[in-house]
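# Descriptive structure summary
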Amino acid sequence: LPQIALLFIFLSFLEDCGYMARAAFIMDRLLKRLGLSGKAFIPMLMGFGCSVPAIMGSRTMENQKDKRMTIMLVPFMSCSAKLPVYGLISAAFFGRKAGIVVFSLYVLGILMAIVSGLIFRKTIFRGETAVFVMELPPYRLPTLGNTLQHVWERVRDFLARAGTLILLMSIVLWFLQRFDAGFNMVKDPSDSILGSLGGFIAPIFRPMGYGTWQAAVALLTGLVAKEAVVASLSMFYGFSLTADSAVIAAALSGTFASPLAAFAFLVFILLYVPCVAAISTAYREFGSLKWTAALVGWQILVAYTASFIVYQLGSLFGLA
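Residues numbered from 1 in each chain as written. Predicted model: local features only at pLDDT ≥ 70, side-chain atom pairs only at ≥ 80, totals over all residues. Heavy atoms only, no water.

### Topic: the layout of surface pockets
Taken as a whole, the largest pocket spans an internal volume of roughly 620 Å³. Lining the largest pocket we find 24 residues, and of these E15, I42, G57, T60 and R154 sit closest to its centre. Those elements giving two or more residues to the lining of the largest pocket turn out to be helix 1 (2-16), helix 2 (19-32), helix 3 (41-46), helix 4 (51-56) and helix 8 (144-178). Within the lining of the largest pocket, the residues separate by chemical class into 9 nonpolar, 4 polar and 11 charged. (1 Å grid on protein atoms, 1.4 Å probe; cavity = no way out; pocket = protein on both sides within 12 Å on 5 of 7 lines; lining within 4 Å. Points joined across faces, edges and corners; volume = space filled by probe spheres on them. Helix = DSSP H or I, 4+ residues; strand = E, 2+ residues; numbered from the N terminus. Nonpolar A, V, L, I, M, F, W, Y, C, P; charged D, E, K, R; others polar.)

This is the structure in structure tokens:
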């Protein structure tokens, strides 16, 4: 909540002072090559903070094709919730090169959005791009009252979801991590319902170098919030988040046998399905279960393919 509120304070300031409309105008020519209008720039930029308000920002777009395509591309931007996962694993396995690794993930997300946009433009979103029409307001100093009102409206919408959907999913996952199929409380998470489910789907991730139930379950918990991946791994392997990077790397070696496997895991985190809150927001903006399913399916396909290629190509060059 503090991150989202802070994000909206600055975004509201940029919008009210008249800058965001000009940024969208400047980006219109570039985005047209992807089949989008300049208005898509603002939601895409907001995606680096949080996918939920970014998807909500697409409602200002009058053209339905542009709106749907924007929502399909927003999850490729690295939201702030993914940063703790990047930081933990990159620091543990890449040391001083961790910053380069994290930066490469941000760039990869942008590149995958561009590739996806080009594919969509030739397939499901064929046709002429809508004419870009936007009134450029004069530069002015925003008032504190207007800024706080805009922030509160968006924060209130997030709180409504956090108190309902996110809370419900968190309770469900806690239950699945604490009880087995016979509804008996377990001490070892591997014996829980979620652990059994993770063990069932773990072989799917074996070609990417992290085919363990811990990694599979961490990815499942990431559907509620990407930060939950860090919490899950620390719980499964018993390390403190304040521990030395070498200690964390040794603990995670049971899942990631090499830095290449860890990087392939980060690629999957970057590209796979956004959190439940983002999916529910996308469903509301799409107004269609079919388009929401298309979003989820495309994200999973791209994440699996990219992670597979990274690990297999790296293995061919002897990096595994």
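Continuing now.
### What about helix 11 (residues 227-237)?
When helix 11 is considered as a whole, its buried residues turn out to be V229, V230, S232, L233, S234, F236 and Y237. Following helix 11 by one or two positions, G238 has its phi on the positive side, about 70°. (Buried < 20%, exposed > 50% of the residue type's maximum accessible area, 1.4 Å probe, protein only.)

### Concerning a nonpolar patch on the surface
A cluster of nonpolar side chains, F103, V107, I110, L111, I114 and L118, forms an exposed patch at the surface whose accessible area comes to about 500 Å². Within the element layout of this structure, V107 appears in helix 7 (residues 98-122). (Patch = residues over 30% accessible without salt bridge, like charges linked within 9 Å, V, L, I, M, F, W, Y side chains within 5 Å. Areas by Shrake-Rupley, 256 points an atom, 1.4 Å probe, with all protein chains shown as cover. Salt bridge = Lys/Arg side-chain N within 4 Å of Asp/Glu carboxyl O.)

### Remarks on the nonpolar core
Counting residues in hydrophobic clusters, the biggest one holds 94 residues, and the most contacted among them are F76, I89, Y210, F256, F265 and L271. With 12 residues, the single largest contributor to this core is helix 13 (residues 259-271). (Core = buried A, V, L, I, M, F, W, Y, C linked by side-chain atoms within 4.5 Å.)

### Digging into the packing of aromatic side chains
Each aromatic ring pair is summarised here by two numbers: the centre-to-centre distance and the angle between the ring planes. Under the defined criterion, the tally for this structure stands at 14 aromatic pairs. Aromatic side chains F48 and Y106 sit 6.1 Å apart centroid to centroid with 15° between the ring planes, which places their arrangement in the stacked category. Of the two residues, F48 is situated in the loop between helix 3 and helix 4 and Y106 in helix 7; the sequence distance between them amounts to 58 residues. Ring centres of Y86 and Y106 lie 6.1 Å apart, and the angle between their planes is 75°; this geometry places the pair in the edge-to-face category. Linking Y86 in helix 6 (residues 83-94) with Y106 in helix 7, this pair joins segments that are 20 residues apart in sequence. According to the relative accessible area criterion, Y106 is partly exposed, its value standing at 22%. Ring pairs connect the aromatic residues F93, F205, Y210, F256, F265, F268 and Y272, which therefore count as one cluster. The side chain of R22 reaches across the aromatic face of Y139, ending 4.1 Å from its centre. Over the ring of Y272 we find K226, and its NZ or CZ is 4.5 Å from the ring centre. (Phe/Tyr/Trp six-rings, centres within 6.5 Å; stacked < 30°, edge-to-face > 60°. Lys NZ or Arg CZ within 6 Å of the ring centre and 35° of its normal.)

### Remarks on the packing of helix 10 (residues 213-221) against helix 11
Helix-helix packing: each pair is described by the crossing angle between the helix axes and the interaxial distance. At a closest axis distance of 8 Å, the pairing of helix 10 and helix 11 adopts a crossing angle of 150°. Classified by the angle their axes make, helix 10 and helix 11 are roughly antiparallel. For the element pair helix 10 and helix 11, the recorded crossing hand is right-handed. For the pair helix 10 and helix 11, contact is made by W213, Q214, V217, A218 and T221 and by A228, V229, S232, L233, F236 and Y237, respectively. (Axes fitted to C-alpha atoms, helices over the stretch in contact; angles between N-to-C directions. Parallel < 35°, antiparallel > 145°, perpendicular 65-115°, else oblique. Left-handed = near helix turned anticlockwise from the far one by under 90°. Contact = heavy atoms within 4.5 Å.)

### Details of helix 12 (residues 245-252)
For helix 12, the complete set of buried residues consists of I248, A249, A251 and L252. End-on view of helix 12: buried residues confined to an arc of 160°, all on one side of the axis. Looking at the buried side of helix 12, the elements it contacts are helix 6 and helix 11. In this structure D244 caps helix 12, since a side-chain oxygen of it lies 2.9 Å from the backbone nitrogen of A246. (Arc of directions from axis to C-beta. Polar contact = N/O pair within 3.5 Å; in protein donor to acceptor, adjacent residues only side chain to side chain.)

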